[in-house]
Amino acid sequence: MRILYFSADQDASVWVPALQAAWPHAAVAAWEPGAAPADYLVVWKPPQQLFDEQPNPRAIFNTGAGVDALLRLRLPSGVPVIRLDDAGMGVQMAEYVCQAVIRHYRELDATEADMRQGRWAYRAVRERAAFGVGVMGLGVLGERVARALQAFEFPVRGWSRTPKSIAGVQCFAGAEQLAAFAAGCRVLVCLLPLTAQTENIINADLLAQLPADSYVVNVARGAHVVDADLLAALDQGHLAAATLDVFRTEPLPADHPFWSHPRITLTPHTSARTLRDESIAQIVRKIAALERGETVAGRVNAGRGY
Ligand code: OXD
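Residues numbered from 1 in each chain as written. Predicted model: local features only at pLDDT ≥ 70, side-chain atom pairs only at ≥ 80, totals over all residues. Heavy atoms only, no water.

As a further point, take the sheet that holds strand 4 (residues 59–62). As a general point, the strands of a sheet are linked pairwise by backbone hydrogen bonds and lie either parallel or antiparallel. Across the sheet, five strands lie side by side as 2-1-3-4-5; this open sheet has parallel pairing. The open sheet has two edge strands with one neighbour each: strand 2 (27–30) and strand 5 (81–83). Within this sheet the neighbouring strands show an average axis-to-axis angle of 20°, counted without direction. With five bridges joining them, strand 1 (residues 2–7) and strand 3 (residues 40–44) adopt parallel strand pairing. Pairing of serine 7 across the sheet is with tryptophan 44, part of strand 3. Where helix 1 (residues 12–22) meets the sheet, it contacts strand 1, strand 2 and strand 3, and its direction lies at approximately 175° from that of strand 2. (Pairing = 2+ DSSP bridges. Helix = DSSP H or I, 4+ residues; strand = E, 2+ residues; numbered from the N terminus. Axes fitted to C-alpha atoms, helices over the stretch in contact; angles between N-to-C directions. Contact = heavy atoms within 4.5 Å.)

The structure is reproduced here in structure tokens:
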């Protein structure tokens, strides 16, 4: 069996030997133009040329959670595309989102600013029951985040394309329930896959439906948010603050107004990192299952876009 690896971000000189060690009987190599045909492709943001030259793999593994970059390419038809199925990302997303929500709920930015100014000041305690947190996207990661938020006793609501049911989470689905969902979100958390339907979904209309003094946390894709609408909602005072981990262009361009906005907290697409060992163990387990003719979790539906 031959496995080819390519990543635009990760270090092939570390991943290839690690994949090789996990599947010693396979021949694992870093993809380069002209590489011999492989049975399995393990990729992150590959160039189109890779698929043009590899028309017949048995499966394509995406070493990340989001497959939007992959689905923009012309992929070999009928070949299963399989994304990481948590692989250690769920707990990272949960901790990142909980820290952002708690930071906003407890007004820790303002408290820290007070302390830096030498002011020993208290803020009014907010009513937790009135601080609804809404999670958009209830896949593996979204559900994990919703469960983590419940541990802090926030009223948690969720919104997804198709109806979902999660114990203790008030679930909404489809475009027709988006406004009702938004109306109860003091914090709107985006964990949606990026598709033609979800691009620009956090726009002026949706932001206007959030309660006054609300917050946005985006850990999905920059293209979910209309940047100008978010800035306007902050500057008009309707939004209190935002935490953004993802951007339309990454790295965020040096002249982008997000950098200097006093009520935007930025991180460099780091909310949930791909964990090499967990990911490789999962990919190898799935290759073994596919070789036995079994189905595996995380198979992407290209028509749906995730
Ligand atoms: C992603 C990832 O899809 O980092 O954003 O895995």
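A separate point is unusual backbone geometry. When glycine is set aside, most residues are seen to have a negative phi, and most peptide bonds are trans. Cis geometry marks the peptide bond from glutamate 250 to proline 251; its omega dihedral reads -10°. Within the secondary structure layout, proline 251 lies in the loop between strand 11 (239–244) and strand 12 (264–266). Located in the positive-phi region is alanine 87, a residue other than glycine, with phi close to 50°. Relative to the elements of secondary structure, alanine 87 occurs in the loop between strand 5 and helix 4 (89–105).

With that settled, the discussion passes to the sheet that holds strand 10 (residues 214–218). Here we have seven strands laid out as an open sheet, ordered 8-7-6-9-10-11-12, and parallel in their pairing. Edge positions in the sheet fall to strand 8 (170–173) and strand 12, since each has one partner strand and no second. Ignoring which end each strand starts from, the neighbouring axes of this sheet average 15° apart. Relative to strand 10, strand 9 (residues 187–190) runs parallel, the two sharing four bridges. For valine 187, the partnering residue across the bridge sits in strand 10 and is tyrosine 215. Contacting strand 6 (133–136) and strand 7 (156–160), helix 6 (residues 140–151) runs over the sheet at an angle of about 170° to strand 6.

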